[in-house]
Amino acid sequence: QVQLVESGGGLVQTGGSLRLSCAASGRTFSSYDMGWFRQAPGKEREFVSAISRRGGFTYYTDSVKGRFTISRDNAKNTVYLQMNSLKPEDTAVYYCAAKSRINIAMDLRASYDFWGQGTQVTVSS
């Protein structure tokens, strides 16, 4: 089990940038695929990005490709989401999640075992 704590959210203008961080407890962080999901008011929680255990594979939903970059530092038990060229439609609560199981989809909520509390990202129009 891991405890996940997101940080870095805030209020930015359209076109601005934010870097979200997700700090994980425990010594087995590198055993987990990590993902970022977001949930806007009135919408379902949706997949944003994911990264494999060693960081060798990354995945992005189409709407953020070219703008967001996921990375991880296993020595620091931290996963990051660099968000550039932010748009109002990026406004949401962003959640960090950890996936312990292998051979299951990286982009499905049900694939992830542990979730953080979320951090609010608001992009003004």
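Our structure's up above, just so we're on the same page.
Residues numbered from 1 in each chain as written. Predicted model: local features only at pLDDT ≥ 70, side-chain atom pairs only at ≥ 80, totals over all residues. Heavy atoms only, no water.

Let us now look at the pairing of strand β1 (residues 4-7). Side chains of β1 alternate between two faces, with Leu4 and Glu6 buried and Val5 and Ser7 left unburied. By the bridge criterion, four bridges tie β1 to strand β3 (residues 18-24) in an arrangement that is antiparallel. Bridge pairing in β3 places Leu4 opposite Ala24. (Buried < 20%, exposed > 50% of the residue type's maximum accessible area, 1.4 Å probe, protein only. Helix = DSSP H or I, 4+ residues; strand = E, 2+ residues; numbered from the N terminus. Pairing = 2+ DSSP bridges.)

Moving on: the sheet that holds strand β7 (residues 68-73). Strand pairing within a sheet occurs via backbone hydrogen bonds; the two strands may be parallel or antiparallel. Ordered by their spatial adjacency, four strands build an open sheet running β1-β3-β8-β7, and the pairing between neighbours is antiparallel. Pairing within the sheet leaves two strands with one partner each, and these edge strands are β1 and β7. Across the sheet, the mean angle separating the axes of adjacent strands is 15 degrees when strand polarity is ignored. (Axes fitted to C-alpha atoms, helices over the stretch in contact; angles between N-to-C directions.)

With that settled, the discussion passes to the pattern of salt bridges. According to the stated counting rule, one finds eight salt bridges in the structure shown. Put simply, Asp62 and Lys65 hold a salt bridge, and the shortest N to O gap is 3.0 Å. By relative accessible area, Asp62 is classed as exposed at 62%. Asp90 is paired through a salt bridge with Arg67; the nearest N and O atoms lie 2.7 Å apart. In this pair, Asp90 sits in the loop between β8 (78-83) and β9 (92-99) while Arg67 sits in the loop between β6 (58-60) and β7, placing the two residues 23 residues apart along the sequence. Accessibility assignment for this pair places Asp90 and Arg67 in one class, buried. (Salt bridge = Lys/Arg side-chain N within 4 Å of Asp/Glu carboxyl O.)

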